[in-house]
Amino acid sequence: MSASVLLGLQWGDEGKGKITDYLASQAEIVLRFQGGDNAGHTLLIDGKKYFNHLIPSGIMYDDKLSIIGNGVVVNPATLVKEIAGLKENGISAKGLRVSEKCHLITPFHIALDGANEMRKGSIGTTKKGIGPAYSDKAARRGLRFLDLLDGDGGFQRYESAAKYHSFVLKEYFGIEPPDIQDSYDKIMEYLNILKTYICNTEELMFEAYEKGTKILFEGAQGILLDLDHGTYPFVTSSNTVSGAALCGSGYPLGGVKKITGVFKSYTTRVGDGPFATELFDDISEAICDKGGEYGTTTGRKRRVGWADIVDLKRAVLLSGTTDLAMTKADVLCGMEKVLIAEGRDSANKPIYKEFEGWGEIIQAGKYSDLPENLKKYIEYIEEQLGVPINIISYGPARRQTIER
Ligand code: GDP
Ligand code: IMO
Ligand code: MG
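Description of the structure in this document.

About the criteria used
- Residues numbered from 1 in each chain as written.
- Chains lettered and ligands numbered in written order.
- Predicted model: local features only at pLDDT ≥ 70, side-chain atom pairs only at ≥ 80, totals over all residues.
- Heavy atoms only, no water.
- Helix = DSSP H or I, 4+ residues; strand = E, 2+ residues; numbered from the N terminus.
- Rg over C-alpha atoms; globule rule 2.2 N^0.38 Å.
- Areas by Shrake-Rupley, 256 points an atom, 1.4 Å probe, with all protein chains shown as cover.
- Lys, Arg positive; Asp, Glu negative; His and termini not counted.
- Charge placed at Lys NZ, Arg CZ, Asp CG, Glu CD.
- Near = heavy atom within 4 Å.
- Polar contact = N/O pair within 3.5 Å; in protein donor to acceptor, adjacent residues only side chain to side chain.
- Nonpolar A, V, L, I, M, F, W, Y, C, P; charged D, E, K, R; others polar.
- Domains from an automatic or database assignment.
- Donors = N, O, S within 2.8 Å, 3.2 Å for Na, K, Ca; no water.
- Buried < 20%, exposed > 50% of the residue type's maximum accessible area, 1.4 Å probe, protein only.
- Disulfide = S-S within 2.5 Å.
- Pairing = 2+ DSSP bridges.

## Overview of the overall build of the chain
Line of reasoning, step 1. Looking only at helices and strands, one finds 12 helices and 19 strands in the chain.
Line of reasoning, step 2. Computed over C-alpha atoms, the radius of gyration of the chain comes to 21 Å, within 12% of the 22 Å expected from 2.2 N^0.38 for 404 residues, which places it in the range of a compact globule.
Line of reasoning, step 3. C-alpha extents for the chain along the principal axes are approximately 65 × 50 × 40 Å.
Line of reasoning, step 4. As presented, the chain carries roughly 17100 Å² of accessible surface, and 51% of it is formed by carbon and sulfur atoms.
Line of reasoning, step 5. Computed over 48 positive and 54 negative side-chain charges, the separation of the two mean positions in the chain equals 1 Å.

This is the structure we're talking about:
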């Protein structure tokens, strides 16, 4: 197997970071291909928590390449901070490579995202400048690392984009824009630190393809936040479906053999937008507390609801999922009943199927150790989706994982 893609099947925060870290032991390269520091992937290793926003979750293994592919939009300040944080914890970033084609998130993008969020009809973004940065990329006004690092003309390019942003901030939003020269100088300081990691990662992809190197593509966000296929306009500004792994890296289509879809045993969503199975009662509070459902990036409380076969089926099709990983099986332990939406009624409201709850999971080493009612729940989902659930996660730590 040369390449596999791992992605979220819901609205993000499915536990992609944990499963990527778990599977990364079998890969030689781990690559992020879309999104930016709107993502927050949490790893719990030897009792210590790590929060990765930009750096692929394979960074914990110092014999792997961790690549930030061209499809990612990068706030250089976040990346510098993240590298420093890893180093403080004794984790070397020597395997990190960043595509020279990554588009930059500047303080202007962040100001625009924040300003837009203050307007009526905003969608509850992470305010990290993701939408404005991808907008500039599509409008061919964006700045890539190589535009600022390659010889002369960098400041002129920066100034030209910044003047446009300043006009919008001042004249449309009535907000004082960041200072152009100051923000440029700061970015160049960051780039000076980052330049040892920045390279042509496309070449690394071609080489990996030819040699059959094992690559794991780590998705951010989730299928239901995909710009084209998600709950538009309550989506993120990149494509989160599996095909984005190719556009966001330069890796050829034929090399991808496996697509792992990660989902929670229930559903969560941060930010606004439709959520058919959302709960507004004590159960949602209990799940939120037990599951620690607070955003890794913004600290916002996540909305909570039951799992939804209708949405999951669509996500499996959109992503071409070949394998499933179900996380947070432990969070539903001890509940009297567990519901799952199996369809919709004529008013498009969820129709639920009820399962008897299951007891605590005590150090399960294999599938057969799991509570019977949990196995019934798992097997029902597998049957409905027509894809095997090969990984079951029942806690945040690496060891709390069962591979079938
Ligand atoms: P990601 O964005 O998909 O990587 O997910 P996040 O890291 O934002 O959110 C998932 C949270 O659940 C993190 O705090 C993880 O440490 C935690 N987590 C992952 N898998 C499990 C699990 O099986 N059980 C429990 N209780 N927590 C988990
Ligand atoms: P990970 O990778 C959950 C949501 C935001 C908002 C919408 C648009 O940790 O799963 P944006 O800042 O991207 O323009 O916001 O998308 N969102 C996420 N929700 N997990 C994420 O990433 C998310 N990244 C963006 O809350 O609703
Ligand atoms: Mg997250």
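## With respect to the site of ligand 2
Line of reasoning, step 1. Around ligand 2 lies a shell of 20 residues, among which Asp-13, Lys-16, His-41, Thr-126 and Thr-236 are the nearest.
Line of reasoning, step 2. One nitrogen or oxygen atom from the main chain of Gly-124 is found 3.4 Å from an oxygen atom belonging to ligand 2.
Line of reasoning, step 3. Backbone polar atom of Gln-221 to an oxygen atom of ligand 2: 2.8 Å apart, as the coordinates give it.
Line of reasoning, step 4. Bound to the protein, ligand 2 loses 97% of the 550 Å² it would expose on its own.
Line of reasoning, step 5. Its residues assigned to classes, the shell around ligand 2 shows 7 nonpolar, 10 polar and 3 charged.
Line of reasoning, step 6. In terms of domain composition, the shell around ligand 2 takes at least three residues from each of domain 1 (3-97 + 199-403) and domain 2 (103-143 + 150-194).

## Points about the coordination of the magnesium ion (ligand 3)
Line of reasoning, step 1. Coordination of the magnesium ion (ligand 3) by the protein comes from Asp-13 (OD) and Gly-40 (O), over a distance range of 2.0 to 2.2 Å. With a gap of 27 residues between them, Asp-13 in the loop between strand E1 (3-8) and helix H1 (16-24) and Gly-40 in the loop between strand E2 (29-32) and strand E3 (41-45) connect regions that are remote in the sequence.
Line of reasoning, step 2. Judged by its relative accessible area of 11%, Gly-40 is buried.

## Focus on the state of the cysteines
Line of reasoning, step 1. Tallying each qualifying case throughout the model produces 0 disulfides.
Line of reasoning, step 2. No disulfide involves Cys-199; its nearest neighbouring cysteine sulfur is the one of Cys-102, lying 9.9 Å away.
Line of reasoning, step 3. Owing to a relative accessible area of 22%, Cys-199 belongs among the partly exposed residues under this scheme.
Line of reasoning, step 4. Cys-333 provides the cysteine sulfur closest to Cys-288, a residue in no disulfide bond, and the two sulfurs are 17 Å apart.

## Brief notes about the sheet that holds E1
Line of reasoning, step 1. Strand order in the open sheet made by the 10 strands is E9-E7-E5-E2-E10-E1-E11-E15-E18-E19, with mixed pairing throughout. Edge positions in the sheet fall to strand E9 (198-199) and strand E19 (401-403), since each has one partner strand and no second.
Line of reasoning, step 2. One ladder, built from 4 bridges, connects E1 with strand E10 (residues 215-218); its direction is parallel. Its bridge partner being in E10, Ala-3 is matched across the sheet by Ile-215.

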